[in-house]
Amino acid sequence: IASEMESTRDELREMRGKVQTSEAEVVKLHAELNAAASQARHDALTGVLNRKGLDEAMHRELAVVHRKEAPLCVALLDIDNFKKLNDGKGHEAGDAALQHLVSVTRECMRAQDTLARYGGEEFVILMPDTVLANGIEAMQRLQRALTRRYFLAGGEQILITFSAGVAQFEQGESAESAIKRADQAMYLAKRAGKNRVLGA
């Protein structure tokens, strides 16, 4: 009996060890899955949301807008003279300029705002509970913050500026429509001399 009990105890220990190993593997797989899901939603260079992440955030914010009838603004901003910077200083400097913009933007944003890279040197900022005038003002504050924080490229101080269009969502408006209006306002801001913010 003693021998059987010892054998049973050994089997139990072995099974417990296997269960613990399996649990550790499950935890590791969950962590890897979460990391992969996060990477799928975030821009590798800047760490902010990518288009997929933006779509999900936009869907959530629009649900709140429809439920509470709360204002929501979307800003589309585009770095001025980015091609010139890339061509003159190289792609590494261009990448660093994008990271610089993101860093300063994060300092200026509220906790509830969402920042996403829309493509190239274009970024989108979602501003919940924000009417158009306040959305424009927020982008102008960001512009002023950028003028105080020079970007260094190879030891040279470079002023990064952007042009932006801001649109407040209209009742029942789609995300595509609001972004298109913000894009048109941003294009007009570029034509008007750059480093400007216009409302749609």
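Everything discussed here concerns the structure shown above.
Basis of the calculations
Residues numbered from 1 in each chain as written. Predicted model: local features only at pLDDT ≥ 70, side-chain atom pairs only at ≥ 80, totals over all residues. Heavy atoms only, no water. Phe/Tyr/Trp six-rings, centres within 6.5 Å; stacked < 30°, edge-to-face > 60°. Lys NZ or Arg CZ within 6 Å of the ring centre and 35° of its normal. Pairing = 2+ DSSP bridges. Helix = DSSP H or I, 4+ residues; strand = E, 2+ residues; numbered from the N terminus. Axes fitted to C-alpha atoms, helices over the stretch in contact; angles between N-to-C directions. Contact = heavy atoms within 4.5 Å. Parallel < 35°, antiparallel > 145°, perpendicular 65-115°, else oblique. Nonpolar A, V, L, I, M, F, W, Y, C, P; charged D, E, K, R; others polar. Buried < 20%, exposed > 50% of the residue type's maximum accessible area, 1.4 Å probe, protein only. Right-handed = clockwise from strand over helix to strand, strands pointing away.

(A) Seen up close, the packing of aromatic side chains. Enumeration according to the criterion identifies 0 aromatic pairs in this entry. For the cation-ring pair, Arg 51 lies above Tyr 118, with the distance from its terminal atom to the ring centre recorded as 3.9 Å.

(B) Focus on the sheet that holds strand S7 (residues 197–199). Spatially, S2-S3-S1-S6-S7 is the arrangement adopted by the 5 strands of the open sheet, whose pairing is mixed. Two strands lie at the open edges of the sheet, namely strand S2 (114–119) and S7, each paired on one side alone. When the angles between neighbouring strand axes are averaged without regard to direction, this sheet yields 20°. In the sheet, strand S1 (residues 72–79) pairs with strand S6 (residues 162–168) via 7 bridges, with the strands oriented antiparallel. What sits directly across from Cys 73, in S6, is Gln 168. In this fold helix H6 (residues 175–191) packs onto S1, S2, strand S3 (122–128), S6 and S7, with an angle of close to 145° to the strand it touches most, S6.

(C) Examining the packing of helix H3 (residues 82–89) against helix H4 (residues 91–108) more closely. Following both chains from N to C, one finds H3 and H4 inclined at 135°, their axes separated by 6 Å at the closest point. Taken together, the axes of H3 and H4 lie oblique to each other. Contacts from Phe 82, Leu 85, Asn 86 and Lys 89 in H3 reach His 91, Ala 93, Gly 94, Ala 97 and Leu 98 in H4. Of the residues assigned to the contact of H3 with H4, the class counts are 5 nonpolar, 3 polar and 1 charged.

(D) Highlighting the pairing of S6. Burial of S6 is extensive: 6 of the 7 residues sit out of reach of the surface. Sheet topology note: the S6/S7 ladder contains 3 bridges and is parallel. Counted as the bridge partner of Ala 164 is Val 197 from S7. As for the winding sense of the linkage, the β-α-β connection from S6 through H6 to S7 is left-handed.

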